[in-house]
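Structural features, examined
Below, each chain spelled out in residue letters.
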Amino acid sequence: MNLSNCPICKGELKIRVLHCPHCEISFQGDFENNWLAELDAGQLEFIRLFLLVQGNLKELQNQLGISYPTVKNRLAEIIGIITKKEPVTDTVIDVLSDLEEGFINVDEAVSMIEQRRKK
């Protein structure tokens, strides 16, 4: 189970006890969480595949069977979790760059820009 936030107040949970079921010893204290603990199983699988394809987003798109914009959105979501910041999507520079590099076509670029303007 991946539980990084309190289900009641949504505050960040802290690790206070570590337990070894093999020898039945427990350690109490204030232990650090790492950013991986905040990712769910789907996000961890996305990161695993991202590493296996060596960051090639086009190949990741093919492996997952999803659109390039969806790959970018999932990556932005994970970056937001890691940095604790909302992804910046108010510009169209990244859309134009993706269009220029052939990752998306003109219709997809127009659709992405229109979606951002609605926010």
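Residues numbered from 1 in each chain as written. Predicted model: local features only at pLDDT ≥ 70, side-chain atom pairs only at ≥ 80, totals over all residues. Heavy atoms only, no water.

Observations concerning the nonpolar core
Note the cut-off: Only buried Ala, Val, Leu, Ile, Met, Phe, Trp, Tyr and Cys residues count toward a nonpolar core, and they belong to the same one when joined by side-chain atoms within 4.5 Å. For every residue, the accessible area obtained with a 1.4 Å probe (protein chains only) is divided by the maximum for its type, and the residue is called buried under 20%, exposed over 50%, and partly exposed between those limits. The secondary structure listing takes helices from DSSP runs of H or I that are at least 4 residues long and strands from runs of E that are at least 2 residues long, numbered from the N terminus.
Within the largest apolar cluster, 17 residues are counted, with the highest numbers of intra-cluster contacts made by F46, L57, L60, V71, V95 and I104. Listing elements by their share of this core, those giving two or more residues are α1 (41-52), α2 (57-64), α3 (68-83) and α5 (106-118). It is α3 that contributes the most residues to this core, 4 residues altogether.

A look at the confidence of the model for the protein chain
We apply this condition: The predictor attaches a confidence to each residue, called pLDDT, with possible values from 0 through 100.
The predicted model of the protein chain has a mean per-residue pLDDT of 84, with 93% of residues at 70 or higher. When pLDDT is averaged over each helix and strand of the protein chain, the minimum, 78, is found for helix α4 (residues 93-100) and the maximum, 94, for α1.

Some details on the environment of L13
How we decide: Residues are treated as being in contact if the distance between any of their heavy atoms lies within 4.5 Å.
Within the secondary structure, L13 sits in the segment before β1 (15-20). L13 sits in the partly exposed class, given a relative accessible area of 29%. Sequence separation between L13 and N33 is 20 residues, and the spatial gap between their C-alpha atoms is 8.7 Å. Each residue touching L13, except ones within four places of it in the same chain, is listed here: L3, S4, N5, C6 and N33.

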